[in-house]
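# Summary of the model geometry
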Amino acid sequence: MLWRLFKIVSLFAFISTACYALFLYKKSRNMDVLTNQHFKAHGNNSFSGLLDKQETRVREFQSNDSKKIEASMVTEASKESDASMENNAAKENEASIGNEVSVKSEAPNAVQEKTQTPAPENKTIGLCPDTPPNLVGALRVEFDNERTLEQVREDVGSGLQMGGRFMPLDCIAQQKVAIIIPFRNRHDHLKHWLYYLHPILMRQQVDYGVYVINQDGEGVFNRAKLMNAGYVEALKEYDYDCFVFSDVDLVPMDDRNLYRCFDSPRHLAVAMDKYDFLLPYSTFFGGVHSMSKEQFLRINGFSNTYWGWSAEDDDIYNRILFRAMKISRPNLIIGRYKMIKHLRDLHNEPNQRNPDKLYNTQWQMEKDGINSLNYTVKEMVKDKMYTFITVDIQAPQ
């Protein structure tokens, strides 16, 4: 029994010993492999040295080949450069010959140079500046009775389009302005107005048109209703956004008084020579004033019921106040105007009933204005200096 047990233990010991020896053998082989890899990576092994020498020879061989290739490329480039230089020299010789010929025949070559020069690119045009650069300030205004409309056309008509239209060419005007002139039998005054205003408006870089609204017949004059009609007729021709309403006998004495619209309705004629260059009273709104389209519609335009002279401008002032807007004005230096002296027009006498209508402005303005306007266009004439529109406003005789 003990002998069997001894044999079993001996067999187990032998097997254990063999397994341990096999384990040590495999571990030794792995260490050799790892060591060789380590030495090869760091160049500290004879086999790795052989590999390094082999790689060095390969690099030298490749380097020699690349040098040969580079040398051949340099040679080819040199040949091409020489050929290019020869071609350029030939071309220069041809050009010099051409230049010698051009001295003898300059005109044809000049034409060729012009055709070969590229056309300049169109520059983008921006908005005109807030302050026009060509203003001169105070003006000397004189009314020469010998001046004729034909002379005015020749003197100031260049640059105008038919209908008294103008727009600046070097910039885009900030506003499109219609100048509305209520009119009847004032041709002598009109030529003076055109003579001075067209150059002023051009210097102010305004995109504008001049509309003379002539009352047909010999009935009682109605300034405000004519201005309403001018507003409507101007919009039929162009998308104006600003309207300047001006008497034909008033000429500004300073071109810094800009004919444009502002944040609030603008009274321009604040200092007339007729009133010693002073504002006659604080609520005065006569002569010349401007309104944007929005401002004009907000007050429903002007009253159509003020026949004869007086009070229609005071009604306009009241309408502005009742719509919670303020009046803006230039100062008394820039806002100077010279009036053409004249006698009272026939059928434009003061109407004693007009001032009493001012008490009803607040209640009448909703139904009396641009929404109740009625008139008939009798004739429209396009002149280089203006658009002349004759209207029938059903005036009482």
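The shown structure was predicted, so the numbers you read here are calculated from the model rather than taken from an experiment. (Residues numbered from 1 in each chain as written. Predicted model: local features only at pLDDT ≥ 70, side-chain atom pairs only at ≥ 80, totals over all residues. Heavy atoms only, no water.)

### Some details on the overall build of the chain
Helix and strand counts for the chain stand at 10 helices and 11 strands. The 397 residues of the chain split such that 39% are buried. The long-range fraction of contacts in the chain, counting pairs at least 24 apart against all pairs at least 6 apart in sequence, stands at 82%. Accessible surface, the chain: about 24,200 Å² in total, of which carbon and sulfur atoms supply 56%. (Helix = DSSP H or I, 4+ residues; strand = E, 2+ residues; numbered from the N terminus. Buried < 20%, exposed > 50% of the residue type's maximum accessible area, 1.4 Å probe, protein only. Contact = heavy atoms within 4.5 Å. Areas by Shrake-Rupley, 256 points an atom, 1.4 Å probe, with all protein chains shown as cover.)

### Brief notes about the pattern of salt bridges
One pass over the structure, following the stated rule, counts 16 salt bridges. The residue Asp-383 makes a salt bridge to Arg-153 at a minimum N-O spacing of 2.6 Å. Of this pair, Asp-383 sits in the loop between β10 (376–382) and β11 (387–392) while Arg-153 sits in helix α4 (residues 149–156); the two residues are 230 residues apart in sequence, bridging distant segments of the chain. Residue Arg-153 is classed as partly exposed on the basis of its relative accessible area, which comes to 22%. (Salt bridge = Lys/Arg side-chain N within 4 Å of Asp/Glu carboxyl O.)

### A few points about the environment of Asp-392
With respect to the helices, strands and loops of the structure, Asp-392 is situated in strand β11. Spatially, the C-alpha atoms of Asp-392 and Lys-378 are 6.6 Å apart, while their sequence positions differ by 14 residues. Among residues more than four places away in sequence, those in contact with Asp-392 are Asp-216, Tyr-375, Thr-376 and Lys-378. Within polar-contact distance, the side chain of Asp-392 engages the backbone nitrogen of Gln-394 at 3.0 Å. (Polar contact = N/O pair within 3.5 Å; in protein donor to acceptor, adjacent residues only side chain to side chain.)

### Digging into the pairing of strand β9 (residues 336–339)
In β9, alternate side chains face the same way, and those of Tyr-337 and Met-339 are buried while those of Arg-336 and Lys-338 on the opposite face are not. One ladder, built from two bridges, connects strand β7 (residues 271–272) with β9; its direction is parallel. Each residue of the ladder has a partner; that of Ala-271, found in β9, is Arg-336. (Pairing = 2+ DSSP bridges.)

### Brief notes about the state of the cysteines
Applying the stated criterion across every chain, the model contains two disulfides. Disulfide pairing is shown between Cys-128 and Cys-171; the S-S distance is 1.9 Å. Where Cys-128 bonds to Cys-171 through sulfur, the torsion about that S-S bond is close to 90 degrees, and the disulfide is right-handed. A residue pair is termed long-range when its members are at least 10 positions apart, and Cys-128 in the loop between α3 (106–116) and α4 and Cys-171 in the loop between β1 (165–166) and β2 (176–183) qualify at 43 residues. With respect to class, Cys-128 is no different from Cys-171; both count as buried. Covalently, Cys-242 is tied to Cys-261 through a disulfide, its sulfur atoms 2.0 Å apart. Given an S-S torsion of about 90 degrees, the disulfide between Cys-242 and Cys-261 has right-handed geometry. Within this pair, whereas Cys-242 is found in strand β4 (residues 242–246), its partner Cys-261 is found in the loop between β5 (250–252) and β6 (266–267), the two being separated by 19 residues in sequence. For the chain, numbering the cysteines in disulfides from first to last along the sequence yields the connectivity 1-2, 3-4. (Disulfide = S-S within 2.5 Å.)

### A look at the confidence of the model for the chain
Looking at the chain as a whole, the pLDDT averages 80, with 69% of positions reaching at least 70. Confidence drops under a pLDDT of 50 for residues 30–119, and excluding neighbours within four residues, the segment shows 10 contacts in the predicted structure. (pLDDT = per-residue confidence, 0-100.)

### Some remarks on the pairing of β10
Sheet topology note: the β10/β11 ladder contains six bridges and is antiparallel. By the bridge assignment for β11, Lys-382 is matched with Thr-387. Linking two consecutive strands that pair antiparallel, namely β10 and β11, is a turn of four residues.

### Quick word on empty space enclosed by the protein
Scanning the model with the defined rule gives one cavity of 30 Å³ or more in all. Taken as a whole, the largest cavity encloses approximately 80 Å³ of empty space. Around the largest cavity sit Cys-128, Pro-129, Ala-173, Gln-174, Gln-175, Val-177, Gln-204, Gln-205, Val-206, Asp-207, Tyr-259 and Arg-260, which together line it. The residue makeup of the lining of the largest cavity, split by class, is six nonpolar, four polar and two charged. (1 Å grid on protein atoms, 1.4 Å probe; cavity = no way out; pocket = protein on both sides within 12 Å on 5 of 7 lines; lining within 4 Å. Points joined across faces, edges and corners; volume = space filled by probe spheres on them. Nonpolar A, V, L, I, M, F, W, Y, C, P; charged D, E, K, R; others polar.)

### Re the packing of aromatic side chains
For the structure shown, the criterion picks out 15 aromatic pairs. Ring geometry for Tyr-231 versus Phe-296: centroids 4.1 Å apart, planes at 25 degrees, classification stacked. With Tyr-231 in helix α6 (residues 223–237) and Phe-296 in helix α7 (residues 293–298), the pair connects residues that are 65 residues apart, well separated along the chain. Taking the relative accessible area as the measure of exposure, Tyr-231 reaches 4% and is therefore buried. Overall, the relative accessible area of 0% leaves Phe-296 in the buried class. Three or more aromatic residues link up through ring pairs in this structure, and these residues are Tyr-211, Tyr-231, Tyr-238, Tyr-240, Phe-243, Phe-245, Phe-296 and Phe-302. Here the guanidinium or amino end of Arg-147 rests over the ring plane of Tyr-195, the centre of that ring lying 3.8 Å away. Positioned above the aromatic ring of Phe-277, the side-chain terminus of Arg-336 is 4.2 Å from the ring centre. (Phe/Tyr/Trp six-rings, centres within 6.5 Å; stacked < 30°, edge-to-face > 60°. Lys NZ or Arg CZ within 6 Å of the ring centre and 35° of its normal.)

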